[in-house]
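So the chains spell out like this:
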Amino acid sequence: MFTRFPALTIQNVKTLKALYGEVPKTASFSHRRRMGENGINNLSEYQYSRYYAWSADQRKEFKELLPDSLSKTALVGWFLDIPAETGFLDRMTTWVGSKQAGTVIAHALEEDQVLYINDDKVIVPKGEGIGFKLSEIHEIKKGTPGQLWACVMVLGDPASFK
């Protein structure tokens, strides 16, 4: 189950992409790597940048580019960069059945980004957002075009943040 969110303005998408070019990035490696269903046998490949590592001005700008319902309630914000052809997020099943799982709301910053939620292919047009609880099975498969997401984590039902 997921909720679609209206598209950000074209200018907001451009500004978020420019901001991503300015913030420090971390490649997936070591103990900080997201561990999916297949553990060490299929380690996810991606880059990310959490807003705790940014300047106060960069965090402020990121929040201003997202809808108020998200920026005012977000526990954390970040960019997720999935490199073309080699990048992916292994199938995540860790939180299935958990009532304490957070909710991710991610806005696509590239054209027609693809992820799978409960094994269903979901295409998210540039600028649009998708919200789902981490208790839903989710993944981004290898071989897709490069993807860049602007993400926040909130607590609660995704539909309540529309």
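Residues numbered from 1 in each chain as written. Predicted model: local features only at pLDDT ≥ 70, side-chain atom pairs only at ≥ 80, totals over all residues. Heavy atoms only, no water.

Visitor: I would appreciate a short explanation of the packing of aromatic side chains in the present structure.
Guide: Remark: the centre distance and the inter-plane angle together describe each pair of aromatic rings, the angle taken between the planes. The full count for this structure, using the stated rule, is 8 aromatic pairs. Here the aromatic rings of Tyr51 and Trp54 are separated by 6.0 Å at their centres, their planes lie at 75 degrees, and the arrangement is edge-to-face. Relative to Phe79, the ring of Phe62 lies with its centre 5.4 Å away and its plane at 80 degrees, an arrangement referred to as edge-to-face. Taken together, the residues Phe62 in helix α2 (residues 56–64) and Phe79 in strand β4 (residues 76–82) connect sequence positions 17 residues apart. Neither Phe62 nor Phe79 differs from the other in exposure class; each is buried. Pairwise contacts between aromatic rings join Tyr20, Tyr51, Tyr52, Trp54, Phe62 and Phe79 into one cluster. Over the aromatic face of Tyr20 sits the side chain of Lys25, whose NZ or CZ is 4.6 Å from the ring centroid. Geometry around Tyr116 places Lys141 over its ring, the cationic atom sitting 4.3 Å from the centre. (Phe/Tyr/Trp six-rings, centres within 6.5 Å; stacked < 30°, edge-to-face > 60°. Helix = DSSP H or I, 4+ residues; strand = E, 2+ residues; numbered from the N terminus. Buried < 20%, exposed > 50% of the residue type's maximum accessible area, 1.4 Å probe, protein only. Lys NZ or Arg CZ within 6 Å of the ring centre and 35° of its normal.)

Visitor: Is there a simple way to explain the pairing of strand β11 (residues 147–154) in this structure?
Guide: Looking along a regular strand, one sees the side chains alternate between the two faces of the sheet. Most of β11 is tucked away: 7 of the 8 residues are buried. With 7 bridges joining them, β4 and β11 adopt antiparallel strand pairing. Among the inter-strand pairings, Asp81 is bridged to a residue of β11, identified as Leu148. With 6 bridges connecting them, strand β6 (residues 103–108) and β11 associate as antiparallel partners. Bridge assignment links Ala106 to a residue of β11, and that residue is Cys151. (Pairing = 2+ DSSP bridges.)

Visitor: I tried to follow the side chain of Ser71 on my own but got confused; where do I start?
Guide: Inspection of the secondary structure puts Ser71 in helix α3 (residues 68–71). Dropping the residues within four chain positions of it, Ser71 is found in contact with Lys63 and Leu66. (Contact = heavy atoms within 4.5 Å.)

Visitor: Is there a simple way to explain the side chain of Glu139 in this structure?
Guide: Counting through the fold element by element, Glu139 comes out in strand β10 (residues 138–140). For the buried Glu139, no salt bridge is present, and the opposite-charge side chain at shortest range is Arg91, 4.1 Å distant. For Glu139, the residues in contact, after removing those within four places along its chain, are Leu89, Asp90, Arg91, Leu115, Tyr116 and Asp119. (Lys, Arg positive; Asp, Glu negative; His and termini not counted. Salt bridge = Lys/Arg side-chain N within 4 Å of Asp/Glu carboxyl O.)

Visitor: Explanation requested: unusual backbone geometry in the structure shown.
Guide: Of all residues except glycine, most have a negative phi; of all peptide bonds, most are trans. The phi angle at Glu85 is positive, at roughly 70 degrees, despite the residue not being glycine. In this structure Glu85 comes out as exposed when scored by relative accessible area, which is 51%. You will see that Asn118, though not glycine, has its phi angle at about 50 degrees, which is positive. Here Asn118 lies in the loop between β7 (113–117) and β8 (120–124). What makes Asn118 partly exposed here is its relative accessible area of 29%.

Worth remembering: the numbers are spatial, not functional.
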